[in-house]
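Survey of secondary and tertiary structure
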Amino acid sequence: MRIHWASGHHPFDPPWINVDFFAYDGVGLIADLLREIPAEIQNIEISYVGHFLEHLTPEEGVDFLRRVRARTQPDGQLVIVGPDVEKSQNLYDQGLLPLELLEATKAHGSVPDDDPNDRGNIHVWDCTGDAVLNQCLEAGWDAAREIPLGKLGTTLSEVPVIDAGEWQFCVLAVNN
């Protein structure tokens, strides 16, 4: 089973199963990922999480990653891609990233009290590859490491790459 968590407007083609809170085109399963993983998701071979964890608090992220791990088969893989505030700042300082993109990577909101699931494009913390790597380890994933995003197209050819911009991180973890 291949799962694309929080797929939003960027669903993957089959055999991937796209899961999201909203019924966007291509979403196969609707779920509140802050609270549950659908019961039919078992024995995951590979998971992809793209630009989702920065919308969760760090504690929510660890909890989510722990629940995904519990449904992942031995030697199953987890790939996480997201905005890296440190890389973005570095690229901006070199004149290689526009200010608008730098600002978009940084925390620019908080979880709404009235509807905690409606976070839209709000980043609630300054996400980095190192921080997500630590979240994976805290959630019990093994052999977690950051890999160059461009490597997904060669070493993990079964994971589609939406955008390989250098301002992002890519973490690969294994359930041993």
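The structure under discussion appears in the preceding block.
I will try to describe carefully the structure that is included in this document. (Residues numbered from 1 in each chain as written. Predicted model: local features only at pLDDT ≥ 70, side-chain atom pairs only at ≥ 80, totals over all residues. Heavy atoms only, no water.)

Considerations on the overall build of the protein
- Across its full length, the protein carries 4 helices and 7 strands.
- Starting at the N terminus and ending at the C terminus, the protein contains elements arranged as β-β-β-β-α-β-α-α-α-β-β.
- Computed over the C-alpha atoms, the radius of gyration of the protein is 15 Å, within 12% of the 16 Å expected from 2.2 N^0.38 for a compact globule of 176 residues.
- For the protein, the C-alpha atoms occupy an extent of roughly 45 × 40 × 30 Å along the three principal directions.
- Put simply, the protein has 176 residues, and 47% of those count as buried.
- Sequence separation of at least 24 residues holds for 66% of the intrachain contacts in the protein that already meet a minimum separation of 6.
- Surface summary for the protein: the accessible area is close to 8,600 Å², and the carbon and sulfur share equals 50%. (Helix = DSSP H or I, 4+ residues; strand = E, 2+ residues; numbered from the N terminus. Rg over C-alpha atoms; globule rule 2.2 N^0.38 Å. Buried < 20%, exposed > 50% of the residue type's maximum accessible area, 1.4 Å probe, protein only. Contact = heavy atoms within 4.5 Å. Areas by Shrake-Rupley, 256 points an atom, 1.4 Å probe, with all protein chains shown as cover.)

What to know about a negative patch on the surface
- A surface patch of like charges, here negative, comprises D113, D114, D115 and D118.
- The residue D114 is located in the loop between α3 (99–105) and α4 (129–138) in this model. (Patch = residues over 30% accessible without salt bridge, like charges linked within 9 Å, V, L, I, M, F, W, Y side chains within 5 Å. Salt bridge = Lys/Arg side-chain N within 4 Å of Asp/Glu carboxyl O. Lys, Arg positive; Asp, Glu negative; His and termini not counted. Charge placed at Lys NZ, Arg CZ, Asp CG, Glu CD.)

A few points about the sheet that holds strand β7 (residues 168–175)
- Spatially, β3-β2-β1-β4-β5-β7-β6 is the arrangement adopted by the 7 strands of the open sheet, whose pairing is mixed. Each edge of the open sheet carries a strand with a single partner, namely β3 (29–30) and β6 (142–146).
- By the bridge criterion, 6 bridges tie strand β4 (residues 44–50) to strand β5 (residues 72–83) in an arrangement that is parallel. Within the sheet, the bridge partner assigned to I44 lies in β5 and is T72.
- Across the sheet, helix α1 (residues 58–70) touches β1 (2–5), β4, β5 and β7, and the angle it forms with β5 is around 150 degrees. (Pairing = 2+ DSSP bridges. Axes fitted to C-alpha atoms, helices over the stretch in contact; angles between N-to-C directions.)

Observations regarding the state of the cysteines
- Enumeration according to the criterion identifies 0 disulfides in this entry.
- Not part of a disulfide, C127 finds its nearest cysteine sulfur in C136, a span of 10 Å.
- A relative accessible area of 0% places C127 in the buried class.
- The thiol of C170 is not disulfide-bonded; the next cysteine sulfur, from C136, is found 10 Å away. (Disulfide = S-S within 2.5 Å.)

Points about the packing of α1 against α4
- α4 packs onto α1 with a crossing angle of 50 degrees between their chain directions and a minimal axis gap of 8 Å. Here α4 runs oblique to α1, going by the angle between their axes. Crossing hand, α1 versus α4: right-handed. Facing α1, whose interface residues are P58, G61, V62, L65 and R66, α4 presents Q135, C136 and E138. (Parallel < 35°, antiparallel > 145°, perpendicular 65-115°, else oblique. Left-handed = near helix turned anticlockwise from the far one by under 90°.)

Some thoughts on the pattern of salt bridges
- Summed over the entire model, instances satisfying the criterion amount to 4 salt bridges.
- Linking R2 and E45 is a salt bridge whose minimum nitrogen-to-oxygen distance equals 3.5 Å. On the criterion of sequence distance, the pair formed by R2 in strand β1 and E45 in strand β4 is long-range, its members being 43 residues apart.
- In this structure, R67 and D63 form a salt bridge, with 3.1 Å as the shortest nitrogen-oxygen distance. Linking R67 with D63, this pair stays in helix α1, spanning 4 residues, or about one helical turn.

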